[in-house]
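So you can see what is in the structure, the chains are spelled out below.
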Amino acid sequence: MSVKSWSVKASSCAMRTSNIIRMIMGSGLQWNPEKSRIPLSIGDPTVFGNLKTHQEVVDATVDAVKSFKSNGYTDSSGSPTAREAIAERFSLPEVPLTAADIVITSGCSQALDIATNALCSEGENILLPRPGFPLYATQCDHAGIASKFYNLIPEKNWEVDLKHMDSLVDSKTRAILINNPSNPCGSVYSAEHLRDVLRIAEKHRLPVIADETYLDMVFPPKKFVPCASLGVKVPILSVASLAKLWLVPGWRVGWICIQDLVGGSCLDEVRDAITRLTTIIVGANTIVQGAIPRIMKIPAKWHYDEVTKVVEKHSRMFFDAFKKIDGIRMEMPEGAMYGMMEIEVDKFKDIENDLQFSQMLVKEESVHVLPGSAFLMPNFCRIVTSVPEDRIVEACERIAAFCKRHMK
Ligand SMILES: Cc1ncc(COP(=O)(O)O)c(C=O)c1O
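A quick note: this is a predicted structure, and the numbers were derived from the prediction, not measured.

1. Section: the pairing of strand 11 (residues 338-343)
Here is step 1 of the chain: Counting buried positions along strand 11 yields five of six residues, so the element is predominantly enclosed.
Here is step 2 of the chain: In terms of strand pairing, strand 10 (residues 328-329) meets strand 11 through two bridges, oriented antiparallel. Bridging across to strand 11, I328 finds its partner in I343.
Here is step 3 of the chain: Two strands pair when backbone bridges link them, and strand 11 and strand 14 (residues 380-384) are joined in this way by five bridges, in the antiparallel orientation. Pairing of Y338 across the sheet is with V384, part of strand 14.

Encoded structure:
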């Protein structure tokens, strides 16, 4: 009797799923063993240990562990007290929120996944920014939702190309995703510009997913304007997390704020859909949820003094240093913890694109930047600006030497 051999097939939805940032980071980068590593590629503000979360975040979480009250399952949409605290923190005069409008998720990543899947079915499409955070398309590919990319304009501080966005909407479009402040661009939209974008959504009666995970990480005089504050009558699912402003990305807790600016029964079905989707993994980490009521009370001044101000100073260090380096260009970032550095490829004798720039820079100088192609923006590279000052000085010196060596 012949023995049938094993052939275990992976599912098609798994095999069409790939996250380009995770692939690049895990791809055995060739660092120069002679030089210390400076990763300007990891969007994690805790990597170097220079930025630490507030003591109250630590204490509240330790207390939650010690209380033995946060060890069990809670509602799949999140613990009622944590939801109430988030509702209070993010209520706007225009859109007051209650616990019923908040869904707690495993990081902003799951908030995005739930929001996208609550609004779009397989075979339909969503409008995403280009350049943009690659996870959006990863999640869509996995779910069989088509991504249609609207352009951001580098010469206009990465504002949305409104005409282009408008032209992309078709009968299968179900939502528009806006990311402000932006990863990878480090840009922050004005109220006027956001209003123009929201008017496109209103015109086509499309709900908006507002990825506002960087929230107040905005450098004055720029201000963070929540999409829901602008008075445009569009249903908004605003997503964010503790990751960046509270400096605990590994704790994996985020949320969706359901901001119903239309009213009536407009979002009833979507609310039900969101709740159903939370039951797939039965909610986020309960220990951190137990600490959230205290975490949400940390004053905005701490975030400004200990996070935003530092990142602004570091962004300026990069900006000032890059102005003196021939072959690259960068606008001063306006917020978040990123900058998009343009590679003037015509000036180099042996570098043809951003991928080559990034690979050669890490190999020769042990400085790693993410190629803009990962964000669908060739000939740019993204830098992370939250790294410590001494590393910035060293990185900029090495980038300067690298560019000089490869100039025509
Ligand atoms: C724009 C944006 N949205 C969402 C996320 C995911 O956040 P989280 O780590 O909370 O899942 C990130 C993380 O880098 C991000 O930059």
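2. A look at the site of the ligand
Here is step 1 of the chain: The immediate surroundings of the ligand are formed by 15 residues, with S109, N183, D211, Y214 and S241 found nearest.
Here is step 2 of the chain: Here S109 contributes a side-chain N or O atom positioned 2.5 Å from an oxygen atom of the ligand.
Here is step 3 of the chain: For the ligand, a nitrogen atom lies 2.6 Å from a polar atom in the side chain of D211.
Here is step 4 of the chain: For the ligand, whose free accessible area comes to 390 Å², the fraction covered by protein is 92%.
Here is step 5 of the chain: Cavity membership is defined here by more than half of the atoms lying within 2 Å of grid points; on that basis the ligand lies in the largest pocket.
Here is step 6 of the chain: A total of four residues in the shell around the ligand trace back to one element, the largest contributor, which is helix 5 (residues 107-119).
Here is step 7 of the chain: In the shell around the ligand, the residues fall into six nonpolar, six polar and three charged.

3. So, the layout of surface pockets
If a probe as big as a water molecule is rolled over the atoms, it shows which places are left empty.
Here is step 1 of the chain: Here the largest pocket defines a volume of roughly 640 Å³.
Here is step 2 of the chain: Around the largest pocket, the lining is made up of 28 residues, and of these R22, G43, S109, F133 and K244 lie nearest the centre.
Here is step 3 of the chain: Among the secondary structure elements, those contributing two or more residues to the lining of the largest pocket are helix 2 (20-25), helix 5 and helix 6 (135-143).
Here is step 4 of the chain: Looking at the lining of the largest pocket element by element, the count peaks at four residues for helix 5.

About the cut-offs
Residues numbered from 1 in each chain as written. Predicted model: local features only at pLDDT ≥ 70, side-chain atom pairs only at ≥ 80, totals over all residues. Heavy atoms only, no water. Buried < 20%, exposed > 50% of the residue type's maximum accessible area, 1.4 Å probe, protein only. Helix = DSSP H or I, 4+ residues; strand = E, 2+ residues; numbered from the N terminus. Pairing = 2+ DSSP bridges. Near = heavy atom within 4 Å. Polar contact = N/O pair within 3.5 Å; in protein donor to acceptor, adjacent residues only side chain to side chain. Areas by Shrake-Rupley, 256 points an atom, 1.4 Å probe, with all protein chains shown as cover. 1 Å grid on protein atoms, 1.4 Å probe; cavity = no way out; pocket = protein on both sides within 12 Å on 5 of 7 lines; lining within 4 Å. Sits in = over half its atoms within 2 Å of the grid points. Nonpolar A, V, L, I, M, F, W, Y, C, P; charged D, E, K, R; others polar. Points joined across faces, edges and corners; volume = space filled by probe spheres on them.

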